Amino acid sequence: MSYRPTLTRTWWLKNTAFKVYMLRELTVLPLLFFLLCLVKGLYSLSQGAEAWYLWLAVMQNPLVMLINTLALLASLFHAWTFFQLFPRVMPLEFGGKKVSAPALVAGQWAGVLAVFALVAWLFWG
Amino acid sequence: MELEVTIQRYLPEQSSEPFNQSYTVPYDTSTSVLDALTYIKEELDPTLSYRWSCRMAICGSCGIMLNGKPMLGCNVFLRDYVQTGMLIEPMAHFPVERDLIIDMESFLTHLEAVKPYLISKDSKESVQSFDPHNQTPRQLDKYQQFSSCINCGLCYSACPQFGLNPEFIGPAALTLAHRYNLDNRDAGQAERMPMINSEEGAWSCTFVGYCSEVCPKSVDPAAAVNQSKVTSATDLIFSLLGGRS
Ligand code: SF4
Ligand code: FES
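The rules behind each value
Residues numbered from 1 in each chain as written. Chains lettered and ligands numbered in written order. Predicted model: local features only at pLDDT ≥ 70, side-chain atom pairs only at ≥ 80, totals over all residues. Heavy atoms only, no water. UniProt positions renumbered as here; feature names shortened; annotations may be inferred. Helix = DSSP H or I, 4+ residues; strand = E, 2+ residues; numbered from the N terminus. Rg over C-alpha atoms; globule rule 2.2 N^0.38 Å. Contact = heavy atoms within 4.5 Å. Areas by Shrake-Rupley, 256 points an atom, 1.4 Å probe, with all protein chains shown as cover. Axes fitted to C-alpha atoms, helices over the stretch in contact; angles between N-to-C directions. Parallel < 35°, antiparallel > 145°, perpendicular 65-115°, else oblique. Left-handed = near helix turned anticlockwise from the far one by under 90°. Nonpolar A, V, L, I, M, F, W, Y, C, P; charged D, E, K, R; others polar. Buried area = accessible area lost by both parts, 1.4 Å probe. Salt bridge = Lys/Arg side-chain N within 4 Å of Asp/Glu carboxyl O. Domains from an automatic or database assignment. Polar contact = N/O pair within 3.5 Å; in protein donor to acceptor, adjacent residues only side chain to side chain.

Naming follows an unreviewed UniProt entry, where chain B appears as Succinate dehydrogenase iron-sulfur subunit of Marinospirillum insulare. Looking at chain B in UniProt, the text filed under Sequence similarities (unreviewed entry) is "Belongs to the succinate dehydrogenase/fumarate reductase iron-sulfur protein family." What UniProt states about chain B under its Subcellular location (unreviewed entry) heading is, verbatim, "Cell inner membrane".

Named according to an unreviewed UniProt entry, chain A is Fumarate reductase subunit C originating from Marinospirillum insulare.

Printed below as a string of structure tokens:
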């Protein structure tokens, strides 16, 4: 006698929380593109100078640069959501005291800055 | 002051489809949605069915969807919906028996499945024994937040994974399992892990996180479920190394 409502394909359009969730999951698409570029780049490197320069030229294509910029923004957004969740999933203790959530989030961003600094030093230092 | 309240009705003896019906309800600053439902039943339409008991957000029986959001009817007030209007529907993702009455069977089965009780180290020496089981504030602090659940099931109505697959053990039950695993008086983790590790267990959760947003007791079930993923992964590594299971 009871009726069982079923979820439609558009369930995630129902509220903001679901839309933000979908946005977070969608960040994988531009990242996938970036990873494919990276793999192709490594492969071109192994194929000699000509292939490498061709790859470099493709990377300078405005559309490719646009998608890769999007990938950077997407990964920063994903990192932001992840860092926010981290203190809830992995509450850490230090010297018998709970580390506060803002401290954990700040620690993770410090890690990102360190990686940026390392990369900047490697390529431009 | 009066407000129009629309309710999704379902009367199986009349129609196999639910339909909406509106009522005009007088309210003041202290009128809750539950008060409005009671007013409708007593003054306007005695055929309306809904659940309630405590009227103070502690029994967990009055869950509804209010403008699409899972809420406790006794915990929300008409005064806050003057602009938006009010659509009251039965809790999402559960079979509906009549009007706002849902069938909670699947939720209760999942709760039971996680063995939500203290399992003592030696089954003969039951936890019910008269010996005191002292706990330090720090030991209590490890799980206290996760023990505030009132089994209202709102988190299940907020969880699209449960909506897509009712076999998913779901937020509250996984939280309860985690609550007992974190309790130093309990020795039942090994018995709970197979269920937590299973396909219907913690790994079905994709951290949508809406469950924690709607929880009226700030239990943060999303945190508990994802903490138990960490436990589950550790458990897997140990069992691969041939250690404790
Ligand atoms: S975890 Fe919160 S929302 Fe879920 S059943 Fe318990 S009290 Fe209700
Ligand atoms: S009537 Fe008990 S929680 Fe609302």
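Our focus in this paragraph is the overall build of chain A. Secondary structure assignment for chain A yields 5 helices and 2 strands. Starting at the N terminus, the α and β elements of chain A follow one another as α-α-α-α-β-β-α. In terms of overall size, chain A is more extended than a compact globule, its C-alpha atoms giving a radius of gyration of 21 Å where 125 residues would be expected to give roughly 14 Å. A principal-axis box enclosing the C-alpha atoms of chain A has dimensions of 70 × 55 × 25 Å. Long-range contacts, defined here as pairs at least 24 residues apart, represent 46% of the contacts in chain A between residues at least 6 apart. Carbon and sulfur atoms form 75% of the exposed surface of chain A, whose accessible area is close to 9,400 Å².

Our focus in this paragraph is the environment of A:Leu32. On the secondary structure map, A:Leu32 appears in helix α2 (residues 28-46). The spacing of A:Leu32 and A:Ala17 is 15 residues in sequence and 24 Å in space, taken between C-alpha atoms.

Before going further, it helps to examine the packing of helix α6 (residues 171-181) of chain B against helix α7 (residues 189-197) of chain B. Residue and element names in this part refer to chain B. One can describe the packing of α6 onto α7 by two numbers: an axis separation of 10 Å at closest approach and a directional angle of 155 degrees. One element, α6, and the other, α7, form an angle in the roughly antiparallel class. For the pair α6 and α7, the sense of crossing is left-handed. Facing α6, whose interface residues are Leu174, Ala177, Tyr180 and Asn181, α7 presents Gln189, Arg192, Met193 and Ile196. Within the contact of α6 with α7, the residues separate by chemical class into 5 nonpolar, 2 polar and 1 charged.

Right, let's get into the UniProt feature "transmembrane region" (unreviewed entry) in chain A. All names here are of chain A. In this structure's numbering, the residues bearing the UniProt feature "transmembrane region" (unreviewed entry) are residues 21-43, 63-83 and 103-124. From the first C-alpha to the last, residues 21-43 spans 34 Å; its make-up is 96% helix and 0% strand. Annotation note: span residues 103-124, helix share 100%, strand share 0%, distance between end C-alpha atoms 31 Å.

The subject of this paragraph is the interface of chain A and chain B. On the side of chain B, 31 residues touch chain A, which itself brings 20 residues to the contact. Both sides together, the interface formed by chain A and chain B hides about 2,100 Å², and carbon and sulfur atoms give 59% of it. At the boundary of chain A with chain B, the tally comes to 3 salt bridges. With a shortest N-O distance of 2.7 Å, A:Glu93 and B:Arg138 are connected by a salt bridge. Listing elements by their share of the side of chain A that touches chain B, those giving two or more residues are α1 (16-26) and α4 (62-89) of chain A. Here the side of chain A that touches chain B gets 4 residues from one element, more than from any other, and that element is α1(A).

Attention shifts here to the domain arrangement of chain B. Residue and element names in this part refer to chain B. For chain B, the assigned domains are domain 1 (2-102) and domain 2 (105-240). A straight line from the C-alpha centre of domain 1 to that of domain 2 covers 30 Å. Together, the buried faces of domain 1 and domain 2 total about 1,200 Å²; carbon and sulfur atoms form 66% of this surface. The largest share of the area that domain 1 buries against domain 2 comes from Pro70, His93 and Phe94, three residues that together contribute 46% of it. For the interface between domain 1 and domain 2, the tally reads 0 salt bridges. Counting every contact that joins domain 1 to domain 2 gives 5 residue pairs in polar contact (both at pLDDT 80 or more). Looking at the side of domain 1 that touches domain 2, the elements that each hand over two or more residues are β3 (63-66) and β4 (69-72).

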